[in-house]
Amino acid sequence: MPASAPVRLGGRVTEGDGPPAGARWPGRALAGGVLLVVGALLLPLSLAATWARYRLTETDGYVAAVAPLAGNAAVQQAVVDDVTHSVMAHVRIDGLLKAVSPARRPAVRRHFTRGIREFVAKQVRQVVTGRGFPAMWKGVHRSAHRTLDGSLAASGDPRSPVTLDLTPVVERVRRQVAHNGMGLDLLRRVPRSGVEIVLLKAPDVPRIRAGYEVVRRGALLLPPAAALCLGGGLLLVRRRRWALVCAGTGCAAAAALLAVALALVRGRTLAALPAMISRPAAGAYADALTGPLRTGVWLLVGAGALTAVLAAAGPPALRAWRNRS
């Protein structure tokens, strides 16, 4: 026994005079700090992975997210434009121009084309703003998401594109025109599979499939990993109150960075879209899909900041409050 060790009568070491807790395991505080940092980083990521799994990869969650867009004016206008453009691609008026002199045919063609386009757009708009469109909208997106899910599954065909089939809208317009007794026989020329919007091109399927699997696995692994890291870090550190301050601040900062990243990705994605795609409609889609994630991120920012403030105030503030009361 070292000569400097305090002893009692009988040679026993005085109780409580051994080495301090931090000296028994010098790396304990460091390990706890590392776990807290990792947990603070994983918590926002686990939130994003969970959102992606249940909002993007699950058909019911996706359909529920995009269902309100059936009443969005920008989305309705985009559907009207897409369907009208697809219909006009199959309109042929050469037979109507035979009785017109060659010199006047370009002007007459433009006049007829403009009139037919306005007629088709009016019929499509009546369908898009009608009572039955929300159910049709959900059916179209449910079918598209099932195709997407099948393409991204391990057994799916990676060579097939994923499309949003707007043919049901054309079929409804066909019935409407027939019901109105209009003799303009234009929509019969449109193929039943000719009105589609490509959501995912075939060459992009393998790359998206890899991210799809990462999201599905991450949603299962990241939340418990974040909880274990935060809980383990708090158990290992000695000054738990200041560890709570650091953990809350770290979680709030990481969540705020995720919010900034979401805003940047949204802006750059919309800016990179082809000119033919409506920016307001695409923005409405992005907001509808990411709305729960953005709400959850800001709730996490608030919860982390509140945890840090309460932990920093600690027992002194509690005692002062009790004394005042």
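Residues numbered from 1 in each chain as written. Predicted model: local features only at pLDDT ≥ 70, side-chain atom pairs only at ≥ 80, totals over all residues. Heavy atoms only, no water.

**So, helix α9 (residues 240–271)**
Here is step 1: Compared with an ideal rise of 1.5 Å per residue, which puts 32 residues at 46 Å, α9 spans 46 Å between its outermost C-alpha atoms and is within 8% of the ideal.
Here is step 2: Within α9 the residues assigned to the buried category are Ala243, Val245, Ala247, Gly248, Cys251, Ala252, Ala254, Ala255, Leu258, Ala259 and Leu270. (Helix = DSSP H or I, 4+ residues; strand = E, 2+ residues; numbered from the N terminus. Expected span 1.5 Å × (residues − 1). Buried < 20%, exposed > 50% of the residue type's maximum accessible area, 1.4 Å probe, protein only.)

**Quick notes on the side chain of Arg53**
Here is step 1: Its location among the elements puts Arg53 in helix α2 (residues 28–57).
Here is step 2: Of the side chains with opposite charge, Glu58 lies nearest to the buried Arg53, which makes no salt bridge, at 4.3 Å.
Here is step 3: The contacts of Arg53, once residues within four sequence positions are left out, are Glu58, Val215, Arg216, Ala219 and Leu220. (Lys, Arg positive; Asp, Glu negative; His and termini not counted. Salt bridge = Lys/Arg side-chain N within 4 Å of Asp/Glu carboxyl O. Contact = heavy atoms within 4.5 Å.)

**Structural notes on α2**
Helical periodicity: at 3.6 residues per turn, an α-helix aligns residues three or four positions apart in one direction.
Here is step 1: Given a rise of 1.5 Å per residue, 30 residues ought to cover 44 Å, and the 40 Å separating the end C-alpha atoms of α2 matches this to within 8%.
Here is step 2: Of all the bends in α2, the greatest reaches close to 25 degrees and is centred on Leu42; the proline Pro44 follows between one and four positions later. (Bend = angle between axes of the 7 residues up to and from the residue.)

**Some details on the packing of aromatic side chains**
Here is step 1: Scanning all chains against the criterion turns up two aromatic pairs.
Here is step 2: Taken together, a centroid distance of 5.6 Å and an interplanar angle of 45 degrees make the contact between Phe133 and Trp137 tilted. Placement of the pair is Phe133 and Trp137 together in helix α6 (residues 133–152), with a separation of four residues, close to one helical turn.
Here is step 3: For Trp137, a relative accessible area of 3% puts it in the buried group.
Here is step 4: Consider the rings of Trp137 and Tyr285, whose centres lie 6.2 Å apart with planes at 45 degrees: the pair is tilted. (Phe/Tyr/Trp six-rings, centres within 6.5 Å; stacked < 30°, edge-to-face > 60°.)

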